[in-house]
Amino acid sequence: MSGFLAGAATGVLSGFGIGGGSLLILWLTMVEGFAQYTAAGINLLYFLCCAPAALVSHLRNRLIDRRAALWCALAGCLTAPLASHAAGAVPSDWLRRLFGVLLLALAWRELRAGRSN
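Rules used throughout
Residues numbered from 1 in each chain as written. Predicted model: local features only at pLDDT ≥ 70, side-chain atom pairs only at ≥ 80, totals over all residues. Heavy atoms only, no water. Disulfide = S-S within 2.5 Å. Buried < 20%, exposed > 50% of the residue type's maximum accessible area, 1.4 Å probe, protein only. Helix = DSSP H or I, 4+ residues; strand = E, 2+ residues; numbered from the N terminus. Polar contact = N/O pair within 3.5 Å; in protein donor to acceptor, adjacent residues only side chain to side chain. Contact = heavy atoms within 4.5 Å. Expected span 1.5 Å × (residues − 1). Bend = angle between axes of the 7 residues up to and from the residue. Core = buried A, V, L, I, M, F, W, Y, C linked by side-chain atoms within 4.5 Å.

Got a minute to help me understand the state of the cysteines in this structure?
As enumerated under the stated definition, the model contains 0 disulfides in all. For the unlinked cysteine Cys 72, the closest cysteine sulfur is that of Cys 77, found at 11 Å. Taking relative accessible area as the criterion, Cys 72 reaches 56% and is therefore assigned exposed.

Written out as structure tokens, the structure reads:
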């Protein structure tokens, strides 16, 4: 039941653009004990289920620049296989540390952006 609640909560947060996918990976690795690669794969499948509802809502509210979204989607489709191969070549411990550094950098950036508003 706790896994269901964690998935539902991170799904709602993802829809609002808060970073629910990152939280889901943290839950899966730290609480559920999944390997980083497995957690990332589950997160990608999870995203495919949550993203369409958020996309429809954001399109209706005109919160998405369609041209920019198209370029981002194309870039993502091209780079995702390369990034997947690169991640497969990195030891799991290092991948976990790199993910932590990324989260800290994003948090720092958001904190700095909040001060300027």
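Any chance you could explain the side chain of Thr 29 here in plain terms?
Looking at the secondary structure, you find Thr 29 in helix α2 (residues 20–31). In terms of polar contacts, Thr 29 uses its side chain to reach the backbone carbonyl oxygen of Leu 26, at 3.3 Å. Setting aside residues up to four positions removed in sequence, Thr 29 forms contacts with Phe 34, Ala 35, Gln 36, Ala 39 and Arg 96.

Explain helix α3 (residues 36–60) to me, please; I cannot follow it from the model alone.
When the terminal C-alpha atoms of α3 are compared, their 35 Å separation across 25 residues agrees well with the 36 Å that a helix rising 1.5 Å per residue should span. The largest bend in α3 is about 35 degrees, located at Cys 50, with the proline Pro 52 one to four residues further on. Within α3 the residues assigned to the buried category are Gln 36, Ala 39, Asn 43, Tyr 46 and Ala 54. Once α3 ends, the next one or two residues include Arg 62, with phi positive near 55 degrees.

I tried to follow the side chain of Gln 36 on my own but got confused; where do I start?
Summarising the element assignment, Gln 36 is placed in helix α3. The class of Gln 36 is buried, set by a relative accessible area of 4%. In this structure Gln 36 touches Ile 25, Thr 29, Ser 92, Leu 95, Arg 96 and Phe 99, once residues within four positions along its chain are discounted.

Help me understand helix α4 (residues 66–89) in this model?
Because an α-helix completes one turn every 3.6 residues, residues spaced three or four positions apart along the sequence face the same direction. With 24 residues, α4 extends 34 Å between its outermost C-alpha atoms, agreeing within 8% with the 34 Å of an ideal straight helix rising 1.5 Å per residue. When the local axis directions of α4 are compared, the greatest deviation, roughly 35 degrees, occurs at Thr 79, which is followed within four positions by the proline Pro 81. For α4, the tally of buried residues reaches only 0 of 24 residues, placing the bulk of the element at the surface. For α4, the N-terminal capping position is held by Asp 65, with its side-chain oxygen 3.2 Å away from the main-chain nitrogen of Arg 67.

It is not clear to me how the nonpolar core should be interpreted in this structure. Could you clarify?
When a protein is soluble and globular, its nonpolar side chains tend to lie buried together. Of all hydrophobic cores here, the largest spans 6 residues; its members are Leu 24, Ile 25, Leu 28, Ala 39, Tyr 46 and Phe 99. Elements with a contribution of two residues or more to this core: α2 and α3. At 3 residues, the largest contribution of residues to this core is made by α2.

Which parts of the structure should I look at to understand the environment of Glu 32?
Positionally, Glu 32 belongs in the loop between α2 and α3. Its relative accessible area of 38% is what places Glu 32 among the partly exposed residues. C-alpha separation for the pair Glu 32 and Leu 48, spaced 16 residues apart in sequence, amounts to 21 Å. Ignoring sequence-local partners within four residues, the contact set of Glu 32 consists of Ser 2 and Trp 27.

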